[in-house]
Amino acid sequence: MFLRLRIILFALLASLSSVAQTNANERQARQMFNQVYDMVFGPQGSSLRYSVNIIGIYKTNGTIWYKEKKSRFIDEKYYAISDGMTYWRVEQKKKTVSVYSMNDDSRDKYSTKFKFVPDNYNYSITRDDTHYWLTLKAKKGVKGIKEARVQLDSRTRYPQSIRIKVGIFHTTIKISDFKSGGISDKLFVFDKQKYVGYKFVDKRK
């Protein structure tokens, strides 16, 4: 009986040790993710170049600026800017400016598929000599991004790529020229005077 109890005790301790290691890894992963998230979306602002190819359905590259809820995009298809409340989408070939509320998912049928809420995921981390990899797996019932694997430079912690799973497909967003800080609020002001002669379509609800 004593031997059996001792075996059970050892098994329980081993299980608790495994859980503790898992929790420590998840805490480290979430802490690092929070640091990177703040580098990108914090009040200091950030900029980066990106390229993405969603299995031939959607392919583009361009530059993004972020500052808290504000954003600015320039790519080969269109130009868009948001002050955090209003979103302007400029299509130069059509000479059209569409105006949306930021909570309107119809403003971009692709980018709005990548909505992300940090607390909806479980986190883990691995590393080698040159990179960290943060893996995020969606909790049960979460829609949109089901899994993400973020590659970070091990020295700067700057993001280098994000491989995401949405539905049944995967795609990788490659990131370069990342910069955090020194982003002016002026970048997120839409200058209507630059688009005299364009057709303005107000789609705000």
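Each remark here, short or long, concerns the structure printed above.
Residues numbered from 1 in each chain as written. Predicted model: local features only at pLDDT ≥ 70, side-chain atom pairs only at ≥ 80, totals over all residues. Heavy atoms only, no water.

Enquirer: Kindly report on the pairing of strand β1 (residues 46-54), identifying the contributing residues and their values.
Expert: Walk down a regular strand and you will see the side chains alternate between the two sheet faces. When β1 meets strand β2 (residues 58-67), the two strands line up antiparallel, connected through 9 bridges. Of the residues in β2, the one forming a bridge with R49 is T63. Pairing geometry for β1 and strand β11 (residues 169-180), over 6 bridges, is antiparallel. Looking at β11, one finds that S47 is bridged to K179. (Pairing = 2+ DSSP bridges. Helix = DSSP H or I, 4+ residues; strand = E, 2+ residues; numbered from the N terminus.)

Enquirer: Can you explain the side chain of S98? Please cite residues and give values.
Expert: Topologically, S98 is positioned in strand β6 (residues 96-101). Classification of S98 as buried rests on a relative accessible area of 5%. Here S98 is in contact with Y87, W88, R89, V201 and K203, once residues within four sequence places are set aside. (Buried < 20%, exposed > 50% of the residue type's maximum accessible area, 1.4 Å probe, protein only. Contact = heavy atoms within 4.5 Å.)

Enquirer: Help me get a handle on the pattern of salt bridges, residues and values and all.
Expert: All told, the structure shown has 6 salt bridges when counted by the stated rule. R30 serves as the salt-bridge partner of D119, at 2.9 Å between the closest nitrogen and oxygen. Separated by 89 residues along the polypeptide, D119 in the loop between β6 and β7 (121-127) and R30 in helix α1 (residues 2-41) bring together distant segments of the chain. You can call R30 partly exposed: its relative accessible area is 23%. As a salt-bridge pair, D185 and K67 come within 3.2 Å of each other at their nearest N and O atoms. Here D185, found in the loop between β11 and β12 (199-202), pairs with K67, found in strand β2; they are 118 residues apart in sequence, far enough to count as distant. (Salt bridge = Lys/Arg side-chain N within 4 Å of Asp/Glu carboxyl O.)

Enquirer: Explain the sheet that holds β2 to me, and be specific about the residues and the numbers.
Expert: Sheet architecture is open: 12 strands sit in the order β7-β8-β9-β10-β11-β1-β2-β3-β4-β5-β6-β12, paired in mixed fashion. Where the open sheet ends on each side, the last strands, each with one partner, are β7 and β12. On average, each strand axis in the sheet is inclined to that of its neighbour by 20°, with strand direction left out of account. By the bridge criterion, 4 bridges tie strand β3 (residues 70-75) to strand β4 (residues 79-82) in an arrangement that is antiparallel. Note on β4: the bridge partner recorded for R72 is I81. (Axes fitted to C-alpha atoms, helices over the stretch in contact; angles between N-to-C directions.)

Enquirer: So what's going on with unusual backbone geometry? Which residues, and what values?
Expert: Even without glycine at this site, E68 takes up a positive phi of about 55°. As for its position among the elements, E68 is in the loop between β2 and β3. Judged by relative accessible area, E68 falls into the partly exposed class, the value being 43%. The residue R157 is not glycine, and still its phi comes out positive at about 70°. Position of R157 among the secondary structure elements: in the loop between β9 (145-153) and β10 (159-166). Of the residues examined, R157 reaches a relative accessible area of 27% and is grouped as partly exposed.

Enquirer: Would you mind going over the environment of S71 in detail, with residue names and values included?
Expert: By the secondary structure assignment, S71 is in strand β3. Ignoring sequence-local partners within four residues, the contact set of S71 consists of W65, Y66, A80, I81, S82 and F188.

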